[in-house]
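Working through the structure, step by step
Given next are the chains, with one letter for each unit.
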Amino acid sequence: MLSSAVAVAADSRVEILLDEPIGRISPNLYGHFAENLGGVIYDGIWVGRDSKIANVAGVRRALIEQMRSIKAPIVRFPGGCFADSYDWRDGIGPPEQRPRRTNFWASQLPAGAPRDQRYDPNQFGTNEFVDFCRATGSQPYLAANVRSLPAEEFGHWVEYCNAPAGSTTLADARGSQGDAAPFGVRYWGVGNEPWGCGGTFTPAEYAEEFCRYVAAVPESTSPLSLVASGPDKDDWNWTSGFFDAVARRGQSEFGAIFGFALHYYTWNLSRGRTQDFVDGKGDAVAFDAVDWYELLRQGDRMETLIDRHWQIMGETDRQHVVKLVVDEWGTWYRPGSSPTPENLFEQTPTLRDAVYSAMTLDTFNRNADKVAMANCAQLVNCLNSLYLAHEDRFCVTPVGHVFAMYADHQDGQAVRAIFSAPRVAYERDGSAASFWGLNGSASLHGKTVILTVTNPHISVAREATVRIRGANVSSAEMSVLTHADMHAHNSFDDPNSIVPAASTAAVSGSEVTAMFPPASVTKLTLQLA
């Protein structure tokens, strides 16, 4: 529990440098991920056209409304590891005629998992996914099967989605489902995790496969942004091996690659826990102060991963034609916290996950010149979800509230912000450890500055002076997400246990004085004079 009488330290400063731009914050940094596993698709997104649950063409209406409210820019589908077992042809045509297939994740499903999670009915396929994206105002980002489908089938999928009406047999097949006009799908992932579930390739082998799959793509009605599968966390050898292999084919080959995908999941490994995939993970809702700080410390590695992989990419791609795409990121805990126990990998996000997610989004903002897209794993009923849904019940998690608070950063000019605050000190495995005291990001939108700040300390509030270099502030609005209990979370029975609340900040010339509560995420909207 957090103390209701917290200490206050008036020794912190934030300086926003409007004349030091970093780069445009692509809306796609606030992207999402919907893999066909557990309750993500069936029950989370898809309830069926004949369902009594409010829906739009079979998609849960409450989810559509929430995603529109946060300006959700892009959604990745169908995986993940599921993508490299998926035949896109199973998910097109009359729904009643689509085949049922064993889901990639079937062997890991808990007892009592619904049949449609074990044996995919393919009721949610390409057309339904594109309709979902249209309804939410998002762009589709499709992941192609490199492990078990030939390159020509990748080309056929692109043609099905993007060929002009009436131009090809596949365009006619799309039209027979009521979509005569091309979908215009721009973003395509060429495989997923080819160092593991996506085919166990070497970097050089995957580079050859990538180039072969790219060559199979037909002429498209829209420009394509192709994403190559990159490393798992700090696998520097994968990055150097892939880029070296592409460079040997000629520098012009980099022009075929829009992005290079990095995956990084965070879990707590403090106090003697092993690296085991399950036993090495901490609990989502039962944790102490050290668990809190250790998860954030490990999550903060994202900045180092971005910097180091970017450096390696630049050793061969010297003009940095290829951008980073972090299309899987989030927290991952051991099973046991799911509000719907039969859903694989579902967990209950808490205030800790809100602070972690805000910290990560700030990292992407600060690296807007390097990172072109990021996709939180996952959208609903899984890992670091924004939403939980089951049957007719629905709630927004603390992570969902963070995405709503941060939405106004989209399309802004990221500018440098300097944070100065005492570090958080704690003990880990008998040794002293520390963590930064305040951090965040700033973006400029005409005469408006959006500043987001996380205070990771579980018991100390920070009073800070925020100074805008080169401009005065005419007004300030402040919204804070926090709770007296660091384990706080929302549920179907108590959906508003933790929600953002308005707060106040004092304005004087170029300075704003603000209080950042312990264990908090804060958004300041500053109007410049």
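Now for a look at the structure at hand. Keep in mind the model is a prediction, meaning the values are calculated, not measured. (Residues numbered from 1 in each chain as written. Predicted model: local features only at pLDDT ≥ 70, side-chain atom pairs only at ≥ 80, totals over all residues. Heavy atoms only, no water.)

A word on the overall build of the protein chain. On a plain count of helices and strands, the protein chain comes out with 11 helices and 26 strands. Relative to its length of 529 residues, the protein chain is compact, with a C-alpha radius of gyration of 23 Å against a globular reference of 24 Å. Principal-axis analysis of the C-alpha atoms gives the protein chain an extent of 70 × 55 × 50 Å. Each of the 529 residues in the protein chain was classed as buried or not, and the buried ones make up 60%. Relative to all contacts within the protein chain whose residues are 6 or more apart in sequence, the contacts with residues 24 or more apart total 77%. A gap of 2 Å separates the mean positions of the 44 positive and 61 negative side-chain charges of the protein chain. (Helix = DSSP H or I, 4+ residues; strand = E, 2+ residues; numbered from the N terminus. Rg over C-alpha atoms; globule rule 2.2 N^0.38 Å. Buried < 20%, exposed > 50% of the residue type's maximum accessible area, 1.4 Å probe, protein only. Contact = heavy atoms within 4.5 Å. Lys, Arg positive; Asp, Glu negative; His and termini not counted. Charge placed at Lys NZ, Arg CZ, Asp CG, Glu CD.)

As a further point, take the sheet that holds strand 11 (residues 259-266). Strand order around the closed barrel formed by 8 strands is 2-5-8-9-10-11-12-13, with parallel pairing between neighbours. In this sheet, neighbouring strand axes are inclined to one another by 30° on average, regardless of whether the strands run parallel or antiparallel. Pairing of strand 2 (residues 31-33) with strand 13 (residues 371-376) involves 2 bridges; the strand directions are parallel. Bridge pairing in strand 13 links Gly 31 to Asn 375. Sheet strands touched by helix 3 (residues 126-136): strand 5 (74-77) and strand 8 (139-144). Its angle to strand 8, the strand with the most contacts, is close to 150°. Its contacts with the sheet put helix 8 (residues 289-299) on strand 11 and strand 12 (323-331), and the angle it makes with strand 11 is roughly 165°. (Pairing = 2+ DSSP bridges. Axes fitted to C-alpha atoms, helices over the stretch in contact; angles between N-to-C directions.)

Moving on, we get to the environment of Cys 161. Mapping Cys 161 onto the fold places it in helix 4 (residues 151-162). Remark: the alpha-carbon pair of Cys 161 and Gly 184, spanning 23 residues in sequence, is separated by 6.7 Å. Discounting residues that sit within four places of it in the chain, Cys 161 has contacts with Thr 126, Leu 142, Arg 174, Pro 182, Phe 183, Gly 184, Val 185 and Trp 188.

Let us look at the environment of Met 67. Examined against the element boundaries, Met 67 turns out to sit in helix 1 (residues 61-69). Judged by its relative accessible area of 0%, Met 67 is buried. Considering only alpha carbons, one finds Met 67 and Pro 456, 389 residues apart in sequence, at a separation of 27 Å.

This brings us to the packing of helix 1 against helix 3. Angle between the axes and distance between the axes: these two values describe a pair of packed helices. One way to put it is that helix 1 packs onto helix 3 with a least axis distance of 8 Å and a crossing angle of 50°. Relative to helix 3, helix 1 is oriented oblique. Taken together, the residues of helix 3 that come into contact with helix 1 (itself represented by Leu 63, Ile 64, Met 67 and Arg 68) are Phe 132, Arg 134, Ala 135 and Thr 136. Looking at the contact of helix 1 with helix 3, its residues break down into 5 nonpolar, 1 polar and 2 charged. (Parallel < 35°, antiparallel > 145°, perpendicular 65-115°, else oblique. Nonpolar A, V, L, I, M, F, W, Y, C, P; charged D, E, K, R; others polar.)

Another point: the state of the cysteines. Evaluated as defined, the whole model comprises 1 disulfide. The disulfide partner of Cys 81 is Cys 197, and the S-S distance across this bridge is 2.2 Å. On the sign convention where negative means left-handed, the S-S torsion of about -90° between Cys 81 and Cys 197 marks this disulfide as left-handed. With a gap of 116 residues between them, Cys 81 in the loop between strand 5 and strand 6 (101-102) and Cys 197 in the loop between strand 9 (187-190) and helix 6 (203-215) connect regions that are remote in the sequence. We classify Cys 197 as buried; its relative accessible area is 18%. Considering cysteine sulfurs only, Cys 382 is the nearest to Cys 376, which forms no disulfide, with 10 Å between them. Under the relative-accessibility criterion, Cys 382 is labelled buried at 0%. (Disulfide = S-S within 2.5 Å.)

What follows is about the packing of aromatic side chains. Applying the stated rule across the entire model yields 37 aromatic pairs. Measuring from ring centre to ring centre gives 6.5 Å for Phe 124 and Phe 129, while their planes differ by 75°; the resulting arrangement is edge-to-face. Just as Phe 124 is buried, Phe 129 falls in that class too. If you follow Arg 76 out to its NZ or CZ, it ends over the ring of Phe 33, 4.7 Å from the centre. (Phe/Tyr/Trp six-rings, centres within 6.5 Å; stacked < 30°, edge-to-face > 60°. Lys NZ or Arg CZ within 6 Å of the ring centre and 35° of its normal.)

Right, let's talk about the packing of helix 10 (residues 351-366) against helix 11 (residues 398-406) for a bit. Contact geometry for helix 10 and helix 11: axes closest at 8 Å, N-to-C directions at 35°. As helix 10 runs across helix 11, the sense of the crossing is right-handed. Every residue of helix 11 that contacts helix 10 at Leu 351, Asp 353, Ala 354, Ser 357, Ala 358, Leu 361, Asp 362 and Asn 365 is listed here: Pro 398, Val 399, Val 402, Phe 403 and Tyr 406. Across the contact of helix 10 with helix 11, the residue classes break down as 9 nonpolar, 2 polar and 2 charged. (Left-handed = near helix turned anticlockwise from the far one by under 90°.)

Our focus in this paragraph is unusual backbone geometry. The omega angle of the peptide bond from Phe 77 to Pro 78 is 5°, so this bond is cis rather than trans. Note the cis peptide between Ala 377 and Gln 378, where omega equals -10°. Topologically, Gln 378 is positioned in the loop between strand 13 and strand 14 (387-390). Here Lys 71, not a glycine, exhibits a phi torsion of approximately 55°, which is positive. Inspection of the secondary structure assignment puts Lys 71 in the loop between helix 1 and strand 5. In this structure, Asn 381 takes a positive phi of about 60° despite not being glycine.

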